[in-house]
Amino acid sequence: MTASITSARPRHLLDFQGWSRERLTALLDNADTMNQVLDRPVRKVPALQGLTVCTAFFENSTRTRVSFELAARRMSADVVSFAAGASSLSKGESLRDTVEVLTAYKVDAYVVRHHAAGAAHLVARYSGKPVVNAGDGRRAHPTQALLDAYTVRQEFGTLEGLTVAIVGDVRHSRVARSNAELLPKLGARVVLCGPATLLPEGLAHLPGVTLTTDPREAVRGAHAVMALRLQQERMDAGYLASLQEYADTYQVNESLMREAESGAIALHPGPMNRDVEISSDVADGPRSRIVRQVENGQAVRMSVLYHLLVGRE
Ligand code: ASP
């Protein structure tokens, strides 16, 4: 798969630093192959036989955790899942000691979700094993961005020259940050949109990224419109006057979608607050690719694990 790629193969997927466009493209191409495996009557290949993948989730998850565990199993890995709430962390054990214990059981790779930015980097350092960041605080969620990019590419055949509008709670969203890092690398333009209190100006310096507080301006010319969840668990106070006021202006609904390109698709990383950041008619309507995103998550995560674990010394 990577024979003709000239850039060095990164050991981890913590964010997109060190991931070249050609390597990212190969990863998405390989997700096509994984989707073919998932369409077969027997959805299993031996690629990771003999390897053990640990999913270490220090924060809640449905889609990401289930799809990573299935992805690893579909490729014949053994999977051990570590849930912070049920572990000795609740007795005060440190992240470092926890990782040392897991590594002593001969875990070959980690998939890590944590509420603190940088936690996946620490697991990489403590374990010495390949690590996939499955979401660290509000910093990065690279596999979500990859499955978003893959879903848009599947729809339009390319990302080159496309515009993706991301509307909602950008401030607290690792999904927005990872998409803002990834999509321009693959040739797409990103417009980030939300109320001023939820739109950090610092993101405007990223190449290929623009910011606006006006949702109609954001979606004009967009080929994909992604709604972001209001991350109330990461908000202290004072970001919004009221949920209703927020929904009146920023909800991704039919009226907003009409301002986008005629074939524009609607995305949401989930979990959705229906009829807050996205209307049910858009979420369940013909433009929605939200279920497709979930489906693609498994193939993309298979491709990521394959890329990090197969063919290495
Ligand atoms: N599931 C995504 C995440 O973990 C988005 C969200 O929670 O709103 O970041």
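All chains use their own residue numbering, which begins from 1 and follows the written sequence. Local features are withheld for residues below a pLDDT of 70 in this predicted model, meaning they are given only at 70 or higher, and side-chain atom pairs are given and counted only at 80 or more; totals for whole chains, interfaces and linings count all residues. Heavy atoms from the whole structure form the basis of all side-chain values; hydrogens and water molecules are not counted.

### Focus: the packing of helix α5 (residues 142-156) against helix α6 (residues 174-185)
Right, so step 1: Axis lines are fitted to C-alpha atoms, over the contacting stretch for helices. Their N-to-C directions set the angle, which ranges from 0 to 180 degrees. A run of H or I in DSSP becomes a helix once it reaches four residues, and a run of E becomes a strand once it reaches two; helices and strands are each numbered from the N terminus. Closest axis-to-axis distance for the α5/α6 pair is 8 Å, and the angle between their directions is 60°. Considered as vectors, α5 and α6 are oriented oblique to each other. The hand of the α5/α6 crossing is right-handed. Of the residues in α6, those in contact with P142, Q144, A145, L146, D148 and A149 of α5 are V175, S178, N179, L182 and L183.
Right, so step 2: Residue classes follow a fixed rule: Ala, Val, Leu, Ile, Met, Phe, Trp, Tyr, Cys and Pro count as nonpolar, while Asp, Glu, Lys and Arg count as charged, and any other residue, Gly among them, counts as polar. Residues that form the contact of α5 with α6 fall into these classes: seven nonpolar, three polar and one charged. Working rule for angles: under 35 degrees goes down as roughly parallel, over 145 as roughly antiparallel, 65 to 115 as roughly perpendicular, anything else as oblique. Handedness of each helix crossing follows the sense of rotation of the near helix against the far helix: counterclockwise by less than a right angle gives left-handed, clockwise gives right-handed. Note on definitions: a residue-residue contact is assigned when non-hydrogen atoms from the two residues lie within 4.5 Å.

### Some remarks on unusual backbone geometry
Right, so step 1: That bond from G270 to P271 is cis: its omega, -5°, falls within 30 degrees of zero.
Right, so step 2: Mapped onto the elements, P271 comes out in the loop between β9 (265-267) and α10 (280-283).
Right, so step 3: Positive phi is not limited to glycine here, since K106 has a value of about 70°.
Right, so step 4: On the secondary structure map, K106 appears in the loop between α3 (95-104) and β3 (109-114).
Right, so step 5: On the basis of relative accessibility, which here comes to 65%, the residue K106 falls in the exposed class. Burial here depends on accessible area, computed with a 1.4 Å probe over protein chains only, as a share of the maximum for the residue type. Under 20% is buried, over 50% is exposed, and the range in between is partly exposed.

### Observations concerning the pairing of strand β5 (residues 163-167)
Right, so step 1: Across the five residues that make up β5, a large majority, five, are buried.
Right, so step 2: Going residue by residue along β5, you find T163, A165 and V167 tucked away on one face and V164 and I166 tucked away on the opposite face as well.
Right, so step 3: Taken together, the five bridges between β5 and strand β6 (residues 189-193) define a ladder with parallel strand orientation. Residue I166 lies in a different strand from β6, and its bridge partner there is L192.
Right, so step 4: A crossover gets the label right-handed when its path from the first strand over the helix to the second runs clockwise, viewed with the strands pointing away from the viewer. Running through α6, the crossover from β5 to the neighbouring parallel element β6 is right-handed. Between any two strands, at least two bridges found by DSSP are needed for them to pair.

### Observations concerning the site of the ligand
Right, so step 1: We call a residue near a molecule or strand whenever a single non-hydrogen atom of that residue lies within 4 Å of it. Around the ligand sit R113, H141, R174, V175, R229, Q231, G270 and P271, and those are all the residues in its vicinity.
Right, so step 2: Here a polar contact is recorded for every N or O atom pair within 3.5 Å, except that within protein the pair must consist of a potential hydrogen donor and a potential acceptor, and residues adjacent in sequence are included only if both atoms are side-chain atoms. Between an oxygen atom of the ligand and a side-chain N or O atom of R174, the distance comes to 2.8 Å.
Right, so step 3: In this structure, an oxygen atom belonging to the ligand sits 2.7 Å away from a side-chain N or O atom of R229.
Right, so step 4: Per-residue and other accessible areas were derived by the Shrake-Rupley procedure at a 1.4 Å probe size, with only the shown protein chains allowed to occlude residues. Notes on the ligand: free accessible area 260 Å², of which the protein chains cover 93%.
Right, so step 5: Residues that form the shell around the ligand fall into these classes: two nonpolar, three polar and three charged.

### A few points about the UniProt feature "binding site: carbamoyl phosphate" (unreviewed entry) in the chain
Right, so step 1: UniProt positions are given in the numbering used here, feature names are shortened, and annotations may be inferred rather than shown by experiment. Taking the UniProt record as the reference, the feature "binding site: carbamoyl phosphate" (unreviewed entry) is found at R63, T64, R113, H141, Q144, G270 and P271.
Right, so step 2: Tracing the chain through its elements places R63 in helix α2 (residues 63-74).
Right, so step 3: Exposure remark for R63: the relative accessible area of 31% places this residue in the partly exposed category.
Right, so step 4: Discounting chain neighbours no more than four positions away, the residues touching R63 are P269, G270, P271, V294 and R301.
Right, so step 5: Dropping the residues within four chain positions of it, P271 is found in contact with R63, R229 and E277.

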